[in-house]
Amino acid sequence: MAAATSGMYRKEKSIQLKSSSAALYNNLSVLPLPGRQLTCFSTVHGPSLSMVTADGLGFSHRQLQAKEGGMTVSTSLLTQAAWCVLPSRVLLVLTSQKGIQMYESDGSIMVYWHALDVTEHPPAQAVFARGIAAAGGRFICVGTSSGLVLVFDIPPKGTNIMVSEVLERHCDAITDIAAELGQAPDGAGDLVTADDAGTLCVWSTGEEFALLSKIPAFGCTCSSVKLWNGIVAAGYGNGQIRLYEATTGLLRAEVNAHARWIYALDLAPQTGKLLSGAEDSFVHVWKLSRNLDTDDVEVEHCHGECVTDTQVCGARFCDPEGNSFAVTGYDLSEIFRYGRT
Amino acid sequence: MSARTLPLLFLNLGGEMLYILDQRLRAQSIPGDKARKVMNDIITTMFNKKFMEELFKPQELYSKKALRTVYDRLAHASIMRLNQASMDKLYDLMTMAFKYQVLLCPRPKDILLVTFNHLDAIKDFIRDAPGILNQVDETFRQLTETYSCLSAGEFQLIRQTLLIFFQDMHIRVSIFLKDKVQNSNGRFVLPISGPVPWGTEVPGLIRMFNHNGDEVKRTEFTTGGNYVLPQREGSFDLYGDRVLKLGTNMYSVSRPVETHMSGSSKNLASHAKENIVPNPLAKEELNFLARLLGGLEIQKPGGSETGFRLNLFTTDEEEENAALTRPEELSYKVINIEATQEPGRRAELSRIMGELEVAEPRPGSAGKGEELLALMDGL
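All figures in this text were calculated on a predicted structure; none of them were measured in a lab. (Residues numbered from 1 in each chain as written. Chains lettered and ligands numbered in written order. Predicted model: local features only at pLDDT ≥ 70, side-chain atom pairs only at ≥ 80, totals over all residues. Heavy atoms only, no water.)

Got a minute to help me understand the overall build of chain B in this structure?
Of regular secondary structure, chain B possesses 14 helices and six strands. Across the 379 residues of chain B, 54% fall into the buried class. Long-range contacts, defined as pairs at least 24 residues apart, comprise 80% of the intrachain contacts of chain B with a sequence gap of at least 6. Summed over all atoms, the accessible surface of chain B reaches about 16,500 Å², with 52% contributed by carbon and sulfur. (Helix = DSSP H or I, 4+ residues; strand = E, 2+ residues; numbered from the N terminus. Buried < 20%, exposed > 50% of the residue type's maximum accessible area, 1.4 Å probe, protein only. Contact = heavy atoms within 4.5 Å. Areas by Shrake-Rupley, 256 points an atom, 1.4 Å probe, with all protein chains shown as cover.)

This is the structure:
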């Protein structure tokens, strides 16, 4: 199964969580802090976030309750959490039914709160924020259930965060947002947004964001998306992974990857390894490359792992080479870790 | 999350409740006409027009406790009575069965087929009562109207909302353990073989295209799963083959209702933690209950009808023991009415809750297993 050259991943010591992971897309965030030899993990459980810091010897836990702004009495469910790494600072961003919260990276201080306008929606329509990514060196982009992408301008320090732009090109709820992880070719965008219908938009970031290409829906939700060296990797509800050219929106590869709904993709920027996790209880590692002669995009299967009786809802690489990854699943109070020996 | 979840949750849990009651009524040899009356009364109440209207209004889901109160009332809509331990067990069985169906349903949209399987079976329970059949068909029509226009993504949000509702429930159910679809730790077994969902390809193929869109390379890989393509899609029509078996009646005389009540100690601990968190929802939840229960028209058993008590356990001793040994953190009890400050609301709820505390048919009579027999003799 695994190509001999790539080496096998083996199961390592898993991490116990204080609460189980919810069945939400991309429900695992990993922040490696190589300088301090620490790795932070977080998953969403209902209205709270489980955070674990691993220092090689042991684990320290922290539960973050979603604090809501305003006078509202009801708790709201979290939809996603992600660390956003900007050159100047790292913020932990939480999305929920009520809005968007930004914390210092350790979750200690809330630096910003953005409420969603619940009243302007018809009652049958779910209201939430979902899809989080740092982009363009100083922005954090967050999607909403009405298809908007809010662009926040993040100062190097302090709480003076502002909405600098609202991107209105999606008609369905945003599912995921990804920034370029490698080197964008000339003219290619550096941000991709995905929605419930499967539409993808490729943007170039800057003072004003510009839409470069729109990849039309084909009837399947795109639950997770990544962007690497001008290649868009998208995971869908029908179990497929599709690779598109970011500049033109052309389909370059189609992988019948999973037997059920894909919940998570991740990409290791230094090697082009792609990680996928789905409800079928499998995680797969793929390798993306570009044929230098033909400029074609190539993809090969490197490794498959069955996480027995677990509908995978989160999967992330733990290092930029993709030599280790972490996985969690619905109803599971554990993060499984795998590494290459 | 999705405000369209409650009708599906209520109807499927209700369907599971009826399967279990039907099986226990037979096991306890309740006379045919009495058993039929109980099923008819409960189904009539469940599909009451006013109640369905409340149910289909867009709204958030509330806690397991709040919903338990609704089923408590529903189960007592006829001449049958259940005590606390049997009601707990009934609710555990219902919730675990539907959790399994939601978890396993191939596409998020297939939750609708699971619901139709329940409705089809309910219609069979009342096939001789055309008036009630019409009520159920009316609900079927409402389901089609509400859900047929939803996208796959919206169905996934409904499924995710349901999974959050069922999260951390790991009660072991003997029928699932015997069928090897549940592990001893309470987690369900996920198959990695059989048909893939409708519209999904069997994993294993990679196709690559050049700049002109021509396929230039094709490779295969092995997944460790053993999947096949599905033969056909289930029917979403009023009558039709649903294909999917999830949501059909899994109980029979040879496959009786039983439960193991313990979760693993770790899971129990997480339950405990959940319960001590102060619940700011309490007020909204009570409003919800008042609205919903207001739509449930309960007919008080008439003077001429003799009531009876249904036991979800094999013997009364078992039932008593279950009541004593049930872990505190798994207790649903009744919602704390003091939580609301509005006197009017509180009075209304007290009234509703009061009505729920139904007396045993003949308190103080013989007791134990003889009680029911005595009742039967009295007919």
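Explain the overall build of chain A to me, please; I cannot follow it from the model alone.
Check the secondary structure of chain A and you find zero helices and 28 strands. Counting over 341 residues, chain A shows a buried share of 64%. Within chain A, contacts between residues at least 6 apart in sequence are counted, and of these 51% link residues at least 24 apart. Carbon and sulfur atoms make up 52% of the accessible area of chain A, which totals about 11,900 Å².

Would you mind showing me how to read the sheet that holds strand S1 (residues 9-16) of chain A here?
Backbone-to-backbone hydrogen bonds join strands into a sheet, with any given pair of strands oriented parallel or antiparallel. Residues and elements named next belong to chain A. Strands sit in the order S1-S28-S27-S26 across an open sheet of four strands; the sheet is antiparallel. Of all strands in the sheet, those bounded by a partner on one side alone are S1 and strand S26 (312-317). Pairwise comparison of adjacent strand axes, ignoring direction, gives a mean angle of 25 degrees for this sheet. (Pairing = 2+ DSSP bridges. Axes fitted to C-alpha atoms, helices over the stretch in contact; angles between N-to-C directions.)

Would you take a moment to explain the UniProt feature "repeat: WD" (unreviewed entry) in chain A for this structure?
Feature annotation in UniProt places "repeat: WD" (unreviewed entry) on residues 255-289 of chain A, given in this structure's numbering. Secondary structure content for residues 255-289 of chain A is 0% helix and 66% strand, and the end C-alpha separation is 15 Å. (UniProt positions renumbered as here; feature names shortened; annotations may be inferred.)

What is the right way to look at the sheet that holds strand S12 (residues 149-153) of chain A in this model?
All names here are of chain A. Pairing is antiparallel across the open sheet formed by four strands, whose spatial order is S10-S11-S12-S13. Every interior strand has two partners, whereas the edge strands, strand S10 (129-135) and strand S13 (162-167), have only one. Direction aside, neighbouring strands of the sheet carry axes that sit 25 degrees apart on average. Where S12 lies against S13, five bridges are found, and the strand directions are antiparallel. Looking at the pairing, Leu150 lines up with Val166 of S13.

What exactly am I supposed to notice about the interface of chain A and chain B here?
Accessible area lost upon the coming together of the parts is a frequently used measure of interface size. At the interface, 59 residues of chain A touch 60 residues of chain B. Taken together, the two surfaces of chain A and chain B that pack against each other cover about 4,800 Å², and 53% of this comes from carbon and sulfur. For the interface between chain A and chain B, the tally reads three salt bridges. In this structure, Glu254 of chain A and Arg207 of chain B form a salt bridge, with 3.0 Å as the shortest nitrogen-oxygen distance. Linking chain A with chain B are 27 residue pairs in polar contact (both at pLDDT 80 or more), by the criterion used here. Residue assignment for the side of chain A that touches chain B shows that the elements contributing at least two residues are strand S21 (251-256), strand S24 (282-290) and strand S25 (297-306) of chain A. In terms of residue class, the side of chain A that touches chain B is built from 26 nonpolar, 18 polar and 15 charged. (Buried area = accessible area lost by both parts, 1.4 Å probe. Salt bridge = Lys/Arg side-chain N within 4 Å of Asp/Glu carboxyl O. Polar contact = N/O pair within 3.5 Å; in protein donor to acceptor, adjacent residues only side chain to side chain. Nonpolar A, V, L, I, M, F, W, Y, C, P; charged D, E, K, R; others polar.)

Can you walk me through the side chain of Ser78 of chain B in this structure?
Residues and elements named next belong to chain B. Residue position: Ser78 is located in the loop between helix H4 (64-75) and strand S1 (80-81). For Ser78, a relative accessible area of 2% gives the class buried. Within the local environment of Ser78, its side chain forms a polar contact with the side chain of Asp41, the two groups lying 2.7 Å apart.

Help me understand the packing of helix H5 (residues 84-104) of chain B against helix H8 (residues 152-166) of chain B in this model?
Packed helix pairs are characterised by how far apart their axes lie and by the angle those axes make with each other. Residues and elements named next belong to chain B. Relative to each other, H5 and H8 sit at 145 degrees, their axes nearing to 10 Å. For the crossing formed where H5 meets H8, the hand is left-handed. Here H5 contributes Tyr91, Thr95, Phe98, Lys99, Val102 and Leu103 to the contact with H8, which in turn contributes Arg159, Leu162, Leu163, Phe165 and Phe166. Of the residues belonging to the contact of H5 with H8, the class tally is eight nonpolar, one polar and two charged. (Left-handed = near helix turned anticlockwise from the far one by under 90°.)

What exactly am I supposed to notice about the packing of aromatic side chains here?
Remark: the centre distance and the inter-plane angle together describe each pair of aromatic rings, the angle taken between the planes. All names here are of chain A. What the rule picks out here adds up to 20 aromatic pairs over all chains. A centroid spacing of 4.8 Å and a plane angle of 65 degrees characterise the contact between Phe218 and Tyr236, whose relative ring orientation is edge-to-face. A residue pair is termed long-range when its members are at least 10 positions apart, and Phe218 in the loop between strand S17 (210-215) and strand S18 (222-228) and Tyr236 in strand S19 (residues 231-236) qualify at 18 residues. Summarising the aromatic geometry, the rings of Phe317 and Phe325 are spaced 6.5 Å apart at their centres and angled 85 degrees between planes, so their arrangement reads as edge-to-face. Phe325 shares its class with Phe317; the two are buried. Grouping aromatic residues by their ring pairs yields a cluster made of Tyr9, Phe317, Phe325 and Tyr338. (Phe/Tyr/Trp six-rings, centres within 6.5 Å; stacked < 30°, edge-to-face > 60°.)

How do you make sense of the environment of Gln135 of chain B when you look at a structure like this?
Residue and element names in this part refer to chain B. Here Gln135 is to be found in helix H7 (residues 130-147). Remark: the alpha-carbon pair of Gln135 and Lys49, spanning 86 residues in sequence, is separated by 7.4 Å. Apart from the residues within four sequence positions on either side, Gln135 is in contact with Thr44, Phe47 and Asn48.

It is not clear to me how the pattern of salt bridges should be interpreted in this structure. Could you clarify?
Side chains that differ in charge, positive against negative, can pair when their charged atoms come close. All told, the structure shown has 31 salt bridges over all chains when counted by the stated rule. The closest approach of N and O atoms between Arg89 of chain A and Glu104 of chain A, which form a salt bridge, is 3.9 Å. With a gap of 15 residues between them, Arg89 of chain A in the loop between strand S6 (78-85) and strand S7 (90-96) and Glu104 of chain A in strand S8 (residues 99-104) connect regions that are remote in the sequence. Of the residues examined, Arg89 of chain A reaches a relative accessible area of 10% and is grouped as buried. With its nearest N and O atoms 2.4 Å apart, the salt bridge here joins Asp296 of chain A to Arg252 of chain A. Within this pair, whereas Asp296 of chain A is found in the loop between S24 and S25, its partner Arg252 of chain A is found in strand S21, the two being separated by 44 residues in sequence. Overlapping salt bridges bring together Arg242 and Glu254 of chain A together with Arg207, Glu215 and Arg218 of chain B as one network.

Just checking my understanding: could you explain the side chain of Gln311 of chain A for this structure?
Note that Gln311 of chain A resides in the loop between S25 and S26. Here Leu103 of chain B takes part through its backbone oxygen, which lies 2.8 Å from a polar atom of the side chain of Gln311 of chain A. Looking at Gln311 of chain A, its side chain comes within polar contact range of the side chain of Arg159 of chain B, at 2.9 Å.

Just checking my understanding: could you explain the packing of helix H1 (residues 6-27) of chain B against H4 of chain B for this structure?
All names here are of chain B. Packing of H1 against H4 leaves a shortest axis separation of 12 Å and a crossing angle of 45 degrees. Comparing the axis directions of H1 and H4 gives the class oblique. For H1 against H4, the interelement crossing comes out right-handed. Facing H1, whose interface residues are Leu6, Leu9, Phe10, Leu13, Gly14 and Met17, H4 presents Leu67, Val70, Tyr71, Leu74 and Ala75. By residue class, the composition of the contact of H1 with H4 is 10 nonpolar, one polar and no charged. (Parallel < 35°, antiparallel > 145°, perpendicular 65-115°, else oblique.)

Looking at this model, I keep getting lost on the nonpolar core. Mind explaining?
What tends to happen in soluble globular proteins is that the nonpolar side chains get buried as a cluster. Among the nonpolar cores identified, the biggest contains 101 residues, and Phe10 and Tyr71 of chain B are the most heavily contacted of them. Here this core gets 13 residues from one element, more than from any other, and that element is H5 of chain B. Sequence-distant contacts of Phe10 of chain B, that is, excluding residues within four places in its chain, are made with Met46, Phe51, Met52, Leu55, Val70, Tyr71 and Leu74 of chain B. Formed by 22 residues, the second largest nonpolar core is a distinct cluster that contains Leu64, Leu78 and Ala81 of chain A together with Ile164 of chain B. (Core = buried A, V, L, I, M, F, W, Y, C linked by side-chain atoms within 4.5 Å.)

Hey, could you run me through the pairing of S19 of chain A in this one?
Strand residues, when the strand is regular, have side chains that alternate between the two faces of the sheet. All names here are of chain A. Of all the six residues making up S19, six are buried; the element is thus mostly covered by neighbouring parts of the structure. Both faces of S19 are covered, namely the face carrying Ile231, Ala233 and Gly235 and the face carrying Val232, Ala234 and Tyr236. In terms of strand pairing, S18 meets S19 through six bridges, oriented antiparallel. Looking at the pairing, Ser224 lines up with Gly235 of S19. Hairpin connection between S18 and S19: a loop of two residues separates the two successive antiparallel strands, and Asn229 in this loop has a positive phi of roughly 50 degrees. Two strands pair when backbone bridges link them, and S19 and strand S20 (residues 240-245) are joined in this way by five bridges, in the antiparallel orientation.

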